[in-house]
Amino acid sequence: MATHTEVLNEIQTDLRELAVETISRALKAGATAAEAIIQEGNEFSTVVRLGQVETLKESGSRAIGLRVFIGKKTASTYSSDFTNEGIERLVSGAVTLARVTSEDPYAGLPDPSLLGIVPGDLKLYFEDVHSLPPEERIEYARRAESAAMAVDTRIGNSDGGSFDAGTGHKIFANSLGFVGEYRRSQCSIMAIPIAQADNGVMQRDAWYSVARTLTRLESPEAVGKEAARRTLRRLGARKIASTQVPVVFDSETARSLLSEIADCVSGDAIYRHASFLAGKLGEKIAGENITLTDDGTMPQGFGTAPFDGEGIPTRRTVVIEKGVLKSYLLNTYTAKKLGLKTTGNAARGLTGNPGIRPGNFFLEQGRKTPEAIIADIKQGLYITDLMGFGVNHVTGDYSRGASGIWIEHGELTYPVEEITVAGNLRDMLNNIVEIGNDLEFRSSLASPTLRIDGMMIAGE
Amino acid sequence: MTGKQNLFFQKFGVTPTDLQRYLSEALSAGGDYADLYFEYLTSTNITVDESIVKSATQGISAGCGVRVLAGERTGYAYTDDLAPEKILRAARTAALIARGPAQQPVQGFKESAAHQLYQISSPSVDADIAAKLDLVMRADRAARAYDPRIVQVRGGYADELRQILVVGSDGTFATDVQPLARFTVICIAKSGENSAKGQSGGGGRVEIDYFQTEKTPETFAQEAARQTIIQLDAREAPAGEMEVVLGPGWPGILLHEAIGHGLEADFNRKGTSAFSGLIGKRVASDKCMVVDNGTLPSRRGSLNVDDEGSPTQETVLIENGILKGYLSDKLSARLMGMPSTGSGRRESYEHIPMPRMTNTYMLAGNDAPEDIIRSVKRGVYAVNFGGGQVDITNGKFVFSASEAYMIEDGHVTAPLKNCTLIGNGPDALTRVSMVGNDLQLDEGVGTCGKDGQSVPVGVGIPTLKLDSMTVGGTAR
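What counts, and where the lines are drawn
- Residues numbered from 1 in each chain as written.
- Chains lettered and ligands numbered in written order.
- Predicted model: local features only at pLDDT ≥ 70, side-chain atom pairs only at ≥ 80, totals over all residues.
- Heavy atoms only, no water.
- Helix = DSSP H or I, 4+ residues; strand = E, 2+ residues; numbered from the N terminus.
- Buried < 20%, exposed > 50% of the residue type's maximum accessible area, 1.4 Å probe, protein only.
- Contact = heavy atoms within 4.5 Å.
- Areas by Shrake-Rupley, 256 points an atom, 1.4 Å probe, with all protein chains shown as cover.
- Lys, Arg positive; Asp, Glu negative; His and termini not counted.
- Charge placed at Lys NZ, Arg CZ, Asp CG, Glu CD.
- Pairing = 2+ DSSP bridges.
- pLDDT = per-residue confidence, 0-100.
- Core = buried A, V, L, I, M, F, W, Y, C linked by side-chain atoms within 4.5 Å.
- Expected span 1.5 Å × (residues − 1).
- Domains from an automatic or database assignment.
- Salt bridge = Lys/Arg side-chain N within 4 Å of Asp/Glu carboxyl O.
- Polar contact = N/O pair within 3.5 Å; in protein donor to acceptor, adjacent residues only side chain to side chain.
- Nonpolar A, V, L, I, M, F, W, Y, C, P; charged D, E, K, R; others polar.
- Buried area = accessible area lost by both parts, 1.4 Å probe.
- Axes fitted to C-alpha atoms, helices over the stretch in contact; angles between N-to-C directions.
- Left-handed = near helix turned anticlockwise from the far one by under 90°.

1. A look at the overall build of chain A
- Broken down by element type, chain A carries 9 helices and 22 strands.
- Sorting the 460 residues of chain A into buried and exposed places 61% on the buried side.
- Long-range pairs, those at least 24 residues apart, make up 72% of the contacts in chain A between residues at least 6 apart in sequence.
- Element-wise, carbon and sulfur atoms account for 50% of the exposed surface of chain A, whose accessible area totals about 17400 Å².
- If the 49 positive side-chain charges of chain A are averaged to one point and the 59 negative ones to another, these points end up 4 Å apart.

2. With respect to the sheet that holds strand 14 (residues 359-362) of chain B
Residues and elements named next belong to chain B.
- Strand order in this open sheet of 6 strands is 11-10-9-14-23-20, and the pairing throughout is mixed. Every other strand in the sheet has two partners, leaving strand 11 (322-323) and strand 20 (440-441) as the edge strands with one partner each.
- Strand direction decides the pairing type here: strand 14 and strand 23 (residues 458-461), joined by 3 bridges, are parallel. Considered in strand 23, the bridge of Tyr361 is made with Gly460.

3. With respect to the confidence of the model for chain A
- Per-residue pLDDT for chain A averages 95, and the proportion of residues at 70 or more is 97%.
- A low-confidence stretch, residues 1-12 of chain A stays under pLDDT 50, and its non-local contacts, those more than four residues away or across chains, total 9 contacts.

4. Brief notes about the nonpolar core
- One finds Phe163 of chain A together with Leu19, Leu36 and Phe38 of chain B to be the most contacted residues of the largest nonpolar core, which totals 59 residues.
- In this structure Phe38 of chain B touches Phe8, Val14, Leu19, Tyr22, Gly63, Cys64, Leu82, Ile87, Gln163, Ile164 and Leu165 of chain B, once residues within four positions along its chain are discounted.
- Counting residues in hydrophobic clusters, the runner-up holds 54 residues, among them Val48, Val53, Ala139 and Val153 of chain B.

5. Let's talk about helix 4 (residues 220-232) of chain A
- An ideal rise of 1.5 Å per residue puts 18 Å on 13 residues; helix 4 of chain A measures up with 18 Å between its terminal C-alpha atoms.
- Looking at helix 4 of chain A, one finds that the buried residues are Pro220, Val223, Gly224, Glu226, Ala227, Ala228, Arg230, Thr231 and Leu232 of chain A.

6. Here we look at the domain arrangement of chain A
Residues and elements named next belong to chain A.
- Entries for chain A in the domain assignment read domain 1 (2-230) and domain 2 (237-460).
- Measuring from the centre of the C-alpha atoms in domain 1 to the corresponding centre in domain 2 gives 25 Å.
- The partner domain 2 presents 34 residues to the 47 residues of domain 1 that form the contact.
- For the pair domain 1 and domain 2, the number of links is 3 salt bridges.
- Here domain 1 and domain 2 share 15 residue pairs in polar contact (both at pLDDT 80 or more) between them.
- Across the side of domain 1 that touches domain 2, the residue classes break down as 23 nonpolar, 13 polar and 11 charged.

7. Things to note about helix 7 (residues 253-260) of chain B
- Counted residue by residue, helix 7 of chain B has 8 buried out of 8 residues, so it is predominantly covered.
- Listed as buried for helix 7 of chain B are Ile253, Leu254, Leu255, His256, Glu257, Ala258, Ile259 and Gly260 of chain B.

8. A closer look at the pattern of salt bridges
- Here the structure, examined in full by the defined rule, presents 65 salt bridges over all chains.
- Glu252 of chain A is the salt-bridge partner of Arg255 of chain A, the closest N and O atoms lying 3.3 Å from each other. Remark: Glu252 of chain A and Arg255 of chain A occur in helix 5 (residues 251-264); sequence separation between them is 3 residues, near one turn of the helix.
- Assessed through its relative accessible area of 18%, Arg255 of chain A is described here as buried.
- For the salt bridge of Asp32 of chain B with Arg334 of chain B, the shortest nitrogen-to-oxygen distance reads 3.5 Å. Residue Asp32 of chain B is located in the loop between helix 2 (16-26) and strand 1 (33-49), and its partner Arg334 of chain B is located in helix 9 (residues 330-336); the two are separated by 302 residues in the primary sequence.
- Judged by its relative accessible area of 29%, Asp32 of chain B is partly exposed.
- The exposure class of Arg334 of chain B is partly exposed, given its relative accessible area of 39%.

9. Concerning the interface of chain B and chain A
- The partner chain A presents 70 residues to the 71 residues of chain B that form the contact.
- Carbon and sulfur atoms supply 51% of the area that chain B and chain A bury against each other, a total of about 5900 Å² over both sides.
- Taken together, the links from chain B to chain A amount to 8 salt bridges.
- Here the element with the most residues in the side of chain B that touches chain A is strand 2 (residues 52-70) of chain B; it accounts for 11 residues.

10. Considerations on the environment of Leu325 of chain A
Residues and elements named next belong to chain A.
- Its location among the elements puts Leu325 in strand 12 (residues 324-325).
- Assessed through its relative accessible area of 0%, Leu325 is described here as buried.
- Not counting the four nearest positions on each side in its chain, Leu325 is found in contact with Val265, Leu277, Lys280, Leu281, Gly282, Glu283, Ile285, Val319 and Ile320.

11. Some points on the sheet that holds strand 8 (residues 243-244) of chain A
All names here are of chain A.
- One open sheet holds the 8 strands; their spatial order is 8-22-18-17-16-9-21-19, and the pairing between them is mixed. One side of each edge strand has no neighbouring strand; the edge strands of this open sheet are strand 8 and strand 19 (432-435).
- In terms of strand pairing, strand 8 meets strand 22 (residues 456-458) through 2 bridges, oriented antiparallel. From the neighbouring strand, Gln244 faces strand 22, where its bridge partner is Met456.
- The strands touched by helix 5 are strand 9 (247-249), strand 16 (379-387), strand 17 (397-408) and strand 21 (450-452); relative to strand 16, the strand with the most contacts, the crossing angle is about 65 degrees.

12. As for the domain arrangement of chain B
All names here are of chain B.
- Along its sequence, chain B is organised into domain 1 (7-232) and domain 2 (239-472).
- Once you take the C-alpha centre of each, domain 1 and domain 2 turn out to be 23 Å apart.
- In total, about 3600 Å² of surface goes out of reach between domain 1 and domain 2, with carbon and sulfur atoms giving 50% of it.
- The largest per-residue losses of area from domain 1 upon contact with domain 2 belong to His115, Leu117 and Arg205, which jointly make up 17% of the total buried on that side.
- Here domain 1 and domain 2 share 6 salt bridges between them.
- For Glu72, the salt bridge identified is with Arg269, shortest N-O distance 3.6 Å.
- Counting across the interface, domain 1 meets domain 2 through 24 residue pairs in polar contact (both at pLDDT 80 or more).
- Taken together, the elements giving at least two residues each to the side of domain 1 that touches domain 2 come down to strand 1, strand 2, strand 3 (73-79), strand 5 (150-168), strand 6 (172-191), strand 7 (194-204) and helix 6 (217-232).

13. Topic: the pairing of strand 17 of chain A
Residue and element names in this part refer to chain A.
- A large share of strand 17 lies buried, amounting to 11 of its 12 residues.
- Summarising the sheet, strand 16 and strand 17 pair through 8 bridges and their orientation is antiparallel. Looking across to strand 17, one finds that Gly380 is bridged to Ile407.
- Inspection of the sheet shows strand 17 paired to strand 18 (residues 411-424) by 10 bridges, in the antiparallel sense. When the sheet's bridge partners are listed, Ser399 is paired in strand 18 with Ala422.
- Linking strand 17 to strand 18, which pair antiparallel, is a turn of 2 residues; within it His409 sits at a positive phi near 50 degrees.

14. Some remarks on the packing of helix 4 (residues 129-146) of chain B against helix 6 of chain B
Residue and element names in this part refer to chain B.
- The geometry of helix 4 relative to helix 6 is characterised by a closest axis approach of 8 Å and an angle of 35 degrees between their N-to-C directions. As helix 4 packs across helix 6, the resulting crossing turns out to be right-handed. Contacts from Leu135, Arg138, Ala139, Ala142, Ala143 and Tyr146 in helix 4 reach Pro217, Glu218, Ala221, Gln222, Ala225, Arg226 and Ile229 in helix 6.
- Broken down by class, the residue content of the contact of helix 4 with helix 6 amounts to 9 nonpolar, 1 polar and 3 charged.

Have a look at this one:
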């Protein structure tokens with residue numbers, strides 16, 4: 001680790017200076033305010049299929065984005081050209097564009113007093129993700145796949161085992177004097193086995209482990225075995241008749257529900273009336289058992305950052321407390337539009353105005369094990385996979401393709417597929433009758449197992 | 001190789017000798033084949049929101065991806081710096097997929113005749129920004145004028161110009177300049193307690209004049225507003241299997257999900273698709289003729305050459321219900337002993353090419369659309385869709401209707417809330433019992449995702465009747 005430090009620091013200083021210099025060039029060119037972002041990253045990925053290396057990819061890239069204001073007008077540009085000429089074009093392009101956009105009374109940089117960086121080490125960057133020699137990285141992928149294929153003779157094919165590693169470096173500066181930067185690392189293992197039933201029908205499923213450091217990664221064997229278990233339990237899946245029964249979302253599919261809720265509490269959706277939760281602040285929108293939190297400061301978190309896309313420190317925000325909508329997720333712009341304060345959720349890509357992104361967004365867990373939740377159900381559906389995009393945030397209407405396992409007298413029985421599960425998010429939030437004790441952060445969004453009553457299943 | 005004027009030669013000082021050297025380096029460890037993909041992309045994006053121009057952006061990216069094939073193995077590396085030492089380093093990294101001494105020589109470049117599917121007179125990216133702003137403001141006004149219940153309008157104009165150079169160790173030498181433009185209008189309406197959203201858009205490999213003359217902002221704005229207002233009174237969709245009629249055009253996403261992905265050669269080479277081994281077998285009713293065609297002028301999914309430098313073509317996928325062919329890139333073509341169908345596509349220089357669709361559609365049949373509707377006792381008439389998804393291994397696919405109606409006793413009746421339709425790829429099209437005489441292609445908004453790579457595509461169908469499909473509503 002020590003051998004790399006000096007080199008990295010050198011690069012670091014260069015890019016910080018470049019960000020600050022780009023801003024001052026923008027101000028000289030006529031901008032009244034500006035912010036610059038520089039992103040650089042590198043990626044390594046390998047896929048091993050049927051024991052042979054299928055792909056090996058390794059590369060790095062970087063780019064710079066600039067957003068300028070001329071009074072209340074704004075525009076932005078980006079480029080991968082870091083030469084003097086490239087930066088000049090970036091600056092003149094942004095200023096020229098800004099002159100033709102409209103005055104927006106709500107546009108502008110954040111209140112300077114709100115800028116800042118979460119102190120301390122958030123443990124987002126570990127050099128060890130790149131420390132493995134190439135042969136060993138390939139070996140991780142190979143081990144994950146072979147562990148999956150060794151589980152059962154019905155697994156005779158595979159979409160491979162993979163190992164990915166990457167690091168990213170972000171520098172952000174604005175004309176109010178803010179300069180911040182951070183690095184993040186991530187590595188992951190995945191296995192996608194394919195099994196065939198006696199009737200010839202194939203099924204596949206996948207499992208993965210992802211972490212910011214190699215030391216937190218599950219073993220390739222554990223990943224492979226779980227992938228095999230999930231694949232095998234789909235064999236022989238059938239369609240069922242349309243029915244209305246309790247539905248249990250496993251923690252993976254429940255997480256996708258949280259993603260919908262995150263979109264619906266985003267300030268962008270709220271001020272546009274594009275969410276069924278618009279105007280519901282302070283109202284009871286879910287059962288009393290529902291407490292939903294966003295926390296951008298959790299060490300090693302997949303949604304953690306020391307500051308948001310506008311240089312505001314990230315924080316912990318209770319979004320729903322015991323069923324009451326306590327806060328939206330906001331950036332500076334949407335906060336101004338709604339007469340509220342930013343929650344430090346600005347998301348900044350290379351280009352355009354800041355959007356909104358949750359940090360680590362999770363539902364407080366309950367006491368029951370997933371097994372106990374299933375054991376209480378006479379007839380129901382345990383959902384393990386969802387497909388498609390059938391969620392309307394404006395109305396809350398929800399209708400997605402699903403597959404899973406039928407529950408009969410408290411036990412998981414046969415696999416089910418080619419059905420849909422439908423309802424309305426408004427009702428679903430009030431009909432979460434059980435919450436599991438299995439909260440685990442496998443991404444920036446995390447949910448325990450959930451039982452939701454009153455949903456319609458469409459099949460035969 | 002011709003001395004064709006080329007951006008990468010002129011602006012970045014790349015020479016044919018350099019290209020040969022990079023390819024030799026890529027094959028230095030014994031690879032069978034290597035190629036280089038140079039890309040220079042400029043883009044513009046404008047958003048009008050709440051009747052003001054809230055965002056205008058412009059960007060430039062450039063880079064080169066180096067790929068080396070060795071048997072079934074692919075090595076890949078890229079650089080966003082086109083300096084010779086950076087490209088050589090990427091070539092050395094990609095070369096490591098093979099182990100051994102160099103075996104394949106690099107062939108002399110031969111530029112093959114290419115299609116001329118799109119006009120580039122004044123590339124949109126350079127056209128006056130004010131003219132683009134004007135287009136989007138017109139859409140905003142037209143949508144608001146449509147109905148006082150429209151409370152929010154967001155209009156967007158995006159265009160790009162992608163200049164590529166593809167060279168391969170087999171002598172491939174191809175260049176292309178690919179324009180792409182898209183107009184989008186999203187509306188929100190409120191009426192009492194009810195809210196609704198609607199969306200419309202279009203474009204293709206066209207320039208700004210397309211939106212000034214052929215498809216005006218008003219067309220898209222009125223269509224988005226119309227869909228939004230209809231949705232205000234939508235009732236619960238039914239749940240269960242029933243007759244489904246798909247309107248012409250964009251509902252062709254059915255083909256994209258139900259069969260298109262399943263026919264991409266990589267899945268079939270590996271035996272991981274529900275369609276593996278079904279060539280020559282019946283996968284649709286005999287009324288179904290389905291093609292993938294990358295050569296339609298100005299279409300969003302069209303390309304003069306694919307991202308491996310092969311000319312695009314029309315590929316018959318299903319003929320009279322029988323599965324005829326797969327969509328192939330160079331790798332799968334070589335390994336499967338079949339010709340490439342010009343289907344090797346990638347999102348950018350950072351991505352490995354793979355078999356993808358271009359414009360996928362079903363040819364027109366003989367039925368009048370009115371007769372198709374009239375033949376349905378109780379079913380769903382779906383005319384607009386959001387996205388879809390497929391699990392290619394078990395063939396299950398979904399696509400979500402954003403505008404649909406009940407059909408009762410042969411008449412189109414109440415509008416329905418958003419609902420997902422689900423089916424099984426290898427047998428969904430066997431249930432097609434009527435095929436309309438009204439083939440339409442979509443307006444040009446489709447983007448397809450596969451393995452994390454997005455590429456523009458087109459779809460189309462005539463009005464179609466499926467005797468049975470599962471509709472995922474909430475009403476019994």
